Amino acid sequence: MKEFEMQESGQDMKLRAKVGVYICECGPNIAGKVDLDRIIADISELDDYQGVELVVKKYGFLCSAPGKEYLEEEIKSNGFTHLVIGACSPRDHDSTFMGVCKKTDLNPYLYRIINIREHCSWVIDDKEKATVKAESYIRGGIARVLRQSELFEKPLDINPDVLIIGGGVAGMEAALSLSGDDRRVFVVEKTDQLGGVSIDLWGILPGQGEAIGKKVESVLENGNIKVFLNTRVENVIGFLGNFEIELVSEENTEITEIMAGAIVVATGGTIFDPLESDRYSYAESDEVYKSLSIEKMFSGDDGAALRSGKQPSSVALIHCVGREEKNYCSGICCSYMMKLACFFKKQSADIQVTEFYRDICLPKKEDQERFTEAEAAGVALIRVKDISLKGTDVTFERISGDKGEQSFDMVVLAPALGPSADTEYFADLLTVPLDEFGFFQEVHKMTNPVGTATDGVFIVGTAHGPKGVSDSMQFARASAGQILTRLIPGEKLIPEVAVTEISEAYCTGCGNCLSVCVYGAIYSDDSRGISVVNEAVCRGCGNCFGSCPSGALRTKHFTNTQLYREVDEALR
């Protein structure tokens, strides 16, 4: 260690260190509820640590520009070996103060932030109790920081190129958002054309951008985008900034190896099969169609027609097919069923169109326009609490309890959207967990809906969950934004420093840690009979620590000694 020494002999510990303890007033947020002068006086008089010099001060707003300059100068002029900040949540400003340390000679991992705002001043009304608790937390922070060790960042070279799995609307939008002269994009599509399901969406809903066909042309004409059709992703190894990928052509089994820094999963979804439900019974020859089939009809010149070629005189549109089986609302069916109702009416005002629904879900502002248009065109809207289908005969129970039965020339079903058939395959290949509905699990629904547990792998479109064209494109742009800010050509990547390490002397190679690591950061070294951590992939979450029966695992910056001393001092 640079300017201090630590020696342990039984219960005796001798330290030579200089610790700066700085408390942020945070305006009235902390200073108004905690007696900071008392804390400064008490901690300044501590004689618990032999040979440790404490410098204790307060400042208005340490996170402000003047506050950071003040703190930087204090570190330099005092020559601190350690730093403790009493302030707000680490989520808010831990990285802020680490950045200040990096501008000085103080290793940022010899600093500790203590949350006395959310944990003390904001939750304890009694000033005396809040002060006592805040002081105990700061003492715990001092005890812990003295047992922290210097850690050093190891910059890694990166590959800024991106692999996109899936050539639907989300995959194409991501490709166009990411491509550039200094970044290649590889789009892998398992079928023989781009566009996915959306290629058949005739008359794109309001607010959903340019036609899908134009987007396909843009991708194919872009010199920085390489498209692989009839191709599957066979193998993926690596981490953010450095993935090695193996592609296999379905046409000639030719293997192509590529390198990429990030992977965007845009594998789309599947449509629920109504015949899996007991409510719907019909034969292939019946005039019963899924909504996508009607989209294809309207994309032609003749519009929607019966199998005989005649125009239907009455059409039933049934919403929420498969909702109870899937146990979620797809969120887009009502909007496009309103669109189809308007298409039927535009084809012929004489067609009697009836929509059967349980609840109308129109989450976007522009959706109301379709609803209003359908009502004005004379579309009948019947709210039901139960419905069944036999051929083209619809039996239903209104929300009021009245029962009815009607026969139609044509019935159109709006099936729920589910995960694609490839989802489990890619979840295993990319080490990305699935949610309770079988879709890829995001890091956080609100703060990071496109990120996954595997850093560098992003989910967009209906691979994430049911969504329409506009939302799929937004997710694609969100993933592109993250990649563009993290994989900058010519710059290096700084991986997590506080990672897990394994003691070879204690490791038995049982493999428990491999099974609980959600990041796939641990692998088995069969030649040595131990487990090994890939520090470039590890995020230091600590999941593996509790799984080790021999105590071979340790997370840097979160050792047993550090945690024990912090808690012991805080509870004194």
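Residues numbered from 1 in each chain as written. Predicted model: local features only at pLDDT ≥ 70, side-chain atom pairs only at ≥ 80, totals over all residues. Heavy atoms only, no water.

Undergrad: What is the right way to read the pattern of salt bridges from this model?
TA: In a structure, side chains of opposite charge can pair up when their charged atoms sit close to one another. A full pass over the atoms with the stated rule returns 41 salt bridges. One salt bridge in this structure joins Asp161 and Arg184, with 3.0 Å as the shortest N-O distance. Placement of the pair is Asp161 in the loop between helix 6 (127–145) and strand 7 (162–165) and Arg184 in the loop between helix 7 (169–178) and strand 8 (185–188), with a sequence separation of 23 residues. Given the relative accessible area of 7%, Asp161 is considered buried. Linking Glu569 and Arg572 is a salt bridge whose minimum nitrogen-to-oxygen distance equals 2.7 Å. A cluster of three or more residues bridged by salt bridges with shared partners is formed by Glu135, Arg139, Arg565, Asp568, Glu569 and Arg572. (Salt bridge = Lys/Arg side-chain N within 4 Å of Asp/Glu carboxyl O. Helix = DSSP H or I, 4+ residues; strand = E, 2+ residues; numbered from the N terminus. Buried < 20%, exposed > 50% of the residue type's maximum accessible area, 1.4 Å probe, protein only.)

Undergrad: In this structure, what is going on with helix 12 (residues 367–376)? I would like to understand it.
TA: Count 3.6 residues to each turn of an α-helix, and residues three or four apart come out pointing the same way. For helix 12, the complete set of buried residues consists of Asp367, Arg370, Phe371 and Ala374. End-on view of helix 12: buried residues confined to an arc of 100 degrees, all on one side of the axis. Exposed side of helix 12, more than 90 degrees from the buried face: Glu369 and Ala376 are the residues found there. Contacts from the buried residues of helix 12 go to helix 11 (333–347) and strand 19 (380–390). Gly378 occupies a position one or two residues after helix 12 and carries a positive phi of about 95 degrees. (Arc of directions from axis to C-beta. Contact = heavy atoms within 4.5 Å.)

Undergrad: Can you help me understand the sheet that holds strand 10 (residues 231–239) in this one?
TA: Working definition: the strands of a sheet are paired by backbone hydrogen bonds and lie parallel or antiparallel to each other. The three strands lie next to each other as 10-11-12, forming an open sheet whose pairing is antiparallel. Each edge of the open sheet carries a strand with a single partner, namely strand 10 and strand 12 (255–260). Within the sheet, the average angular offset between the axes of one strand and its neighbour, ignoring direction, is 20 degrees. In this structure, strand 10 lies alongside strand 11 (residues 242–249), joined through eight bridges in antiparallel fashion. Bridge pairing in strand 11 places Val233 opposite Leu247. (Pairing = 2+ DSSP bridges. Axes fitted to C-alpha atoms, helices over the stretch in contact; angles between N-to-C directions.)

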